[in-house]
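# Structure assessment
Here is what each chain is made of, one letter per residue.
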Amino acid sequence: MSVTTPEDTQPKKKKSKVKAIVIGLVAVTVLGGGGAAAGFYVAGNMVGSAKAADDPNTPKIILKDGTAVSAKEAGDALPDQSKNKFKITYHQIEEPFTSNLTHSESYTQLSLAVSTYYDERVIQNVVDHEIAIRSAVLMQLSQQDPFELDSNEGKLKLKKDLREVINATLKDKTGFGGIEDVYFTSMVIQ
C-alpha cells in the first residue's frame, strides 16, 4: 500500500498549471492573430473601395443642372428617382433580342432600352460591350418560363434580372455597372 504525501501531489499540480497556462497562451495567440488578420482584411477592403470612389476613371453622377459629382458627394448610394435632382440618360439598344423560352416551344422577342444617372461613360460602355451584353441577356431570356412572363410580376422580375445581368457584364468588362433601369420598348411572346 502506498501512501501519498502532500509533497507528491505538488509536481502534478505544477504540471497541470503550466499546461493550462501554455494552452491559454496558445488560444490567445490564435484568436488574437485571427482577429488581427480579419481587421487587416476589412481595413484593406475599405481602402480599396475608397480608392475606387476616388478613381478619376469612375463615372460620375450627373445632377439635373449638368454638374458631375462622385457617388460619395451624391450620398454614397445610387440616386433615388423620387428626389428628382439627378439627370437620367436613356439608351435604346438597337437590335431586338429573340430567344426560346425554357421548357416550351415558346419564344420571345423584345427590344430594350437602359437608363443611367451616371455620365456618358456608362452609355459608351454599353455600346462598347454590346456583344457581351447581348449574350448575357439572351442567356437570361432562355431561362424564362413563358407562363411567368404572362403576368406583370413576371415582367417586372425579368426587368430586374436583366438589369442585374447587364450591370454584372459591365462590371466584368469595365469595373463599373451604372445601369439604373431596363425598359421594354417592345415585347412579343409566342
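For the structure itself, look to the data block above.
In short, a report on the structure. (Residues numbered from 1 in each chain as written. Predicted model: local features only at pLDDT ≥ 70, side-chain atom pairs only at ≥ 80, totals over all residues. Heavy atoms only, no water.)

## Re the environment of Asp172
If you trace the backbone, Asp172 turns up in helix α5 (residues 152-174). As a C-alpha pair, Asp172 and Ala132 span 40 residues in sequence and 10.0 Å in three-dimensional space. (Helix = DSSP H or I, 4+ residues; strand = E, 2+ residues; numbered from the N terminus.)

## Here we look at the nonpolar core
Counting residues in each nonpolar core, the largest one holds 25 residues, and the members touching the most others are Phe97, Leu112, Val114, Val137, Ile166, Ile179 and Val182. Counting only elements with at least two residues in this core, the list comes to β5 (107-116), α3 (120-128), α4 (130-141) and α5. Discounting residues that sit within four places of it in the chain, Ile179 has contacts with Val114, Ser115, Val122, Val126, Arg163, Ile166, Asn167 and Leu170. (Core = buried A, V, L, I, M, F, W, Y, C linked by side-chain atoms within 4.5 Å. Buried < 20%, exposed > 50% of the residue type's maximum accessible area, 1.4 Å probe, protein only. Contact = heavy atoms within 4.5 Å.)

## Quick notes on the packing of aromatic side chains
In the structure shown here, the tally under the stated rule is 3 aromatic pairs. Positioned over the ring face of Phe97 is Arg134, at 4.3 Å from the centre of the ring. (Phe/Tyr/Trp six-rings, centres within 6.5 Å; stacked < 30°, edge-to-face > 60°. Lys NZ or Arg CZ within 6 Å of the ring centre and 35° of its normal.)

## Quick notes on the pattern of salt bridges
This model, assessed by the stated rule, comprises 5 salt bridges. The closest approach of N and O atoms between Asp119 and Arg121, which form a salt bridge, is 2.7 Å. Taking relative accessible area as the criterion, Arg121 reaches 27% and is therefore assigned partly exposed. Between Lys160 and Glu164 there is a salt bridge whose closest N-O contact spans 3.2 Å. (Salt bridge = Lys/Arg side-chain N within 4 Å of Asp/Glu carboxyl O.)

## Some words on α3
For α3, the full list of buried residues reads Val122, Ile123, Asn125 and Val126. An end-on view of α3 places all buried positions within 155 degrees of arc, on one side of the element. Looking at the buried positions of α3, the neighbouring elements they touch are β3 (89-92), β5, α4 and α5. (Arc of directions from axis to C-beta.)

## Regarding the packing of α4 against α5
Packing of α4 against α5 brings their axes to within 9 Å, and their N-to-C directions diverge by 145 degrees. Note on packing geometry: the crossing formed by α4 with α5 is right-handed. On α5, the residues that touch Ala132, Ile133, Ala136, Val137, Gln140 and Leu141 of α4 are Leu158, Asp161, Leu162, Val165, Ile166, Thr169, Leu170 and Lys173. Of the residues belonging to the contact of α4 with α5, the class tally is 10 nonpolar, 2 polar and 2 charged. (Axes fitted to C-alpha atoms, helices over the stretch in contact; angles between N-to-C directions. Left-handed = near helix turned anticlockwise from the far one by under 90°. Nonpolar A, V, L, I, M, F, W, Y, C, P; charged D, E, K, R; others polar.)

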